[in-house]
Amino acid sequence: MEIVLSGIRSTGNLHLGNYFGALRNFVKMQYENKCYFFIADYHSLTTHPTPKDLHSSVKQVFVEYLAAGLDPEAATLYRQSDVPETTELYLLLNMNAYMGELERCTSFKEKIRTQQENINAGLLTYPVLMAADILIHKSHKVPVGKDQEQHLEMTRTFANRFNRLYNVEYFPEPVAYNFGEELVKIPGLDGSGKMGKSEGNGIYLADAPEEIRKKVMRAVSDSGPTELNQEMAEPIKNLFAIMKAVSKQETIDFYIEKYNTCQIRYGDMKKQLAEDIILFTSPIREKISELSRDEEYLRKVVNMGAEKARESAAKTVREVREIIGFKSF
Ligand code: TRP
């Protein structure tokens, strides 16, 4: 069975775009592969969160993924920091990661621009830690977005370099997992671009119904069509794209007909859209609030994930140490 692994940023709540993007596919995938999903909380230290913020955001992310359907019995769901074996592999891989290639990495160069006051070594070696995450379970497939492809390429470089240096075929070459057709792109509410791309253009799974109504009513539209079957402007296409994800076919058909005949009232359409989003997200929202309060269940799930992940990680580290020459007397 193929091993699939994905790391989840520990900050940032889930929005509809995440849900219809990777998340819904994770939920399906977890029953078809051996899946590891973890929250990349070590990585988050590169931006120096306060202990309080670190803990609460990790908890929130954990709860939201559970609420959205990740099944801790089917997949291994864990916090990166619960698997200290990762840090050992990270150290070992660092010995074969070269300054030049790390400095050339796009995400590092970006950080040099945006985080000038804190360009730490953790940022430079971020791709090495990510490689350790992936290689610790000898993963085959990694569902990542475009922005992470270079990191995945670097992981392959580190894996191959290790194999060559020690003349072994130990690490598989992980490849990007492409959802293809099944990736539904959800645009934001500000008229252009993906949901989550900019501040305030997203609807979050934890948003209260009142909040959702407010956001949708404020979404960018235009002054309305003036000719029959007029080509839609991007903000209008976007509203229909969100509608397509959450509303019934007859609702969509109804508003498209209204648009094509120049009778559409965006206010009505938005009201309907808001209610359909609320209906769609309600079970998840309720689950989020239920799980946040169930400390005992969370503790149980976190411990179970840590235990499963460490078992696989410890085996890899044991074998890697042996290959490198750390043998017992
Ligand atoms: N860098 C990824 C991101 O920013 C998160 C991540 C960390 C990750 N380790 C990983 C993703 C391993 C996939 C595999 O989204």
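Above this text you will find the structure in question.
Residues numbered from 1 in each chain as written. Predicted model: local features only at pLDDT ≥ 70, side-chain atom pairs only at ≥ 80, totals over all residues. Heavy atoms only, no water.

Caption draft 1: Local environment of the nonpolar core. Core analysis: the biggest nonpolar cluster contains 56 residues, and Leu16, Phe37, Phe240 and Ile277 have the highest contact counts within it. If you tally residues by element for this core, the top one is helix H13 (residues 266-293), at nine residues. Apart from residues lying up to four places away in sequence, phenylalanine 37 is in contact with Ser6, Ile8, Phe26, Met29, Gln30, Leu70, Ala75, Thr76, Leu77 and Tyr78. One finds Val83, Leu135, Phe158 and Phe162 within the second-largest nonpolar core, a separate group that totals 35 residues. (Core = buried A, V, L, I, M, F, W, Y, C linked by side-chain atoms within 4.5 Å. Buried < 20%, exposed > 50% of the residue type's maximum accessible area, 1.4 Å probe, protein only. Helix = DSSP H or I, 4+ residues; strand = E, 2+ residues; numbered from the N terminus. Contact = heavy atoms within 4.5 Å.)

Caption draft 2: Main features of the packing of aromatic side chains. The full count for this structure, using the stated rule, is eleven aromatic pairs. Here the aromatic cluster, defined as three or more aromatic residues joined through ring pairs, consists of Phe26, Phe37, Tyr177 and Phe179. The ring centre of tyrosine 170 lies 3.7 Å from the NZ or CZ of lysine 138, which sits over that ring. (Phe/Tyr/Trp six-rings, centres within 6.5 Å; stacked < 30°, edge-to-face > 60°. Lys NZ or Arg CZ within 6 Å of the ring centre and 35° of its normal.)

Caption draft 3: Spatial organisation of the side chain of aspartate 82. Its place among the elements puts aspartate 82 in the loop between strand S3 (76-79) and helix H4 (85-94). Here arginine 79 takes part through its side chain, which lies 2.9 Å from a polar atom of the side chain of aspartate 82. For aspartate 82, the residues in contact, after removing those within four places along its chain, are Val302, Ala306 and Arg310. (Polar contact = N/O pair within 3.5 Å; in protein donor to acceptor, adjacent residues only side chain to side chain.)

Caption draft 4: How the structure looks around the layout of surface pockets. In this structure, the second largest pocket spans a volume of roughly 310 Å³. The wall of the second largest pocket is formed by 13 residues, among which His55, Lys59, Arg79, Leu298 and Val302 lie closest to the centre. When contributions to the lining of the second largest pocket are tallied by element, the ones reaching two or more residues are helix H3 (51-67) and helix H14 (295-324). When residues in the lining of the second largest pocket are grouped by element, the largest group, six residues, is from H3. For the lining of the second largest pocket, the residue count by class is six nonpolar, two polar and five charged. (1 Å grid on protein atoms, 1.4 Å probe; cavity = no way out; pocket = protein on both sides within 12 Å on 5 of 7 lines; lining within 4 Å. Points joined across faces, edges and corners; volume = space filled by probe spheres on them. Nonpolar A, V, L, I, M, F, W, Y, C, P; charged D, E, K, R; others polar.)

Caption draft 5: Local environment of the site of the ligand. Neighbouring residues of the ligand: 13 residues in total, closest Gly7, Arg9, Tyr126, Asp133 and Gln148. Arginine 9 is positioned such that a nitrogen or oxygen atom in its side chain is 2.7 Å from an oxygen atom of the ligand. With respect to the ligand, the side chain of aspartate 133 contributes an N or O atom lying 2.7 Å from a nitrogen atom. Taken by itself the ligand offers 360 Å² of open surface, and the protein chains cover 94% of this. Sorting the residues of the shell around the ligand by element identifies strand S1 (3-9), strand S2 (34-40) and helix H8 (126-135) as the ones contributing at least two each. In terms of residue count, the dominant contributor to the shell around the ligand is H8 (four residues). (Near = heavy atom within 4 Å. Areas by Shrake-Rupley, 256 points an atom, 1.4 Å probe, with all protein chains shown as cover.)

Caption draft 6: Spatial organisation of the pattern of salt bridges. Summed over all chains, the structure comprises 16 salt bridges. Residue arginine 213 is joined to glutamate 275 by a salt bridge in which the shortest nitrogen-to-oxygen separation is 2.7 Å. With arginine 213 in helix H10 (residues 209-217) and glutamate 275 in helix H13, this residue pair connects regions lying 62 residues apart in the sequence. The exposure class of arginine 213 is partly exposed, given its relative accessible area of 28%. (Salt bridge = Lys/Arg side-chain N within 4 Å of Asp/Glu carboxyl O.)

Caption draft 7: Inspection of unusual backbone geometry at higher detail. Although it is not a glycine, histidine 48 adopts a positive phi angle of roughly 55 degrees. Assignment of secondary structure puts histidine 48 in the loop between helix H2 (41-44) and H3. For histidine 48, a relative accessible area of 53% translates into the label exposed. The phi torsion at cysteine 262 lies on the positive side, around 60 degrees, for a residue other than glycine. Topologically, cysteine 262 is positioned in the loop between helix H12 (249-260) and H13. Judged by its relative accessible area of 30%, cysteine 262 falls in the partly exposed class.

Caption draft 8: Main features of H14. Relative to the 44 Å expected for 30 residues at 1.5 Å per residue, H14 spans 42 Å between its end C-alpha atoms, a close match to the ideal helical length. A positive phi of about 115 degrees marks glycine 325, the residue just after H14. (Expected span 1.5 Å × (residues − 1).)

Caption draft 9: Broad picture of the packing of H12 against H13. Contact pair H12 / H13: the axes reach a minimum separation of 11 Å and the direction vectors enclose 165 degrees. The angle between H12 and H13 falls in the class roughly antiparallel. Where H12 crosses over H13, the two elements pack in a sense that is left-handed. From H12, Thr251, Tyr255 and Tyr259 reach across to H13, where they touch Tyr266, Asp268, Met269, Gln272 and Asp276. (Axes fitted to C-alpha atoms, helices over the stretch in contact; angles between N-to-C directions. Parallel < 35°, antiparallel > 145°, perpendicular 65-115°, else oblique. Left-handed = near helix turned anticlockwise from the far one by under 90°.)

Caption draft 10: Fine view of the environment of isoleucine 277. Looking at the secondary structure, you find isoleucine 277 in helix H13. With a relative accessible area of 0%, isoleucine 277 lands in the buried category. For the pair isoleucine 277 and isoleucine 212, spaced 65 residues apart in sequence, the C-alpha separation works out to 7.7 Å. Once you skip the residues sitting within four places of it in the chain, isoleucine 277 turns out to touch Leu16, Ile203, Ile212, Val216, Ile242 and Val246.

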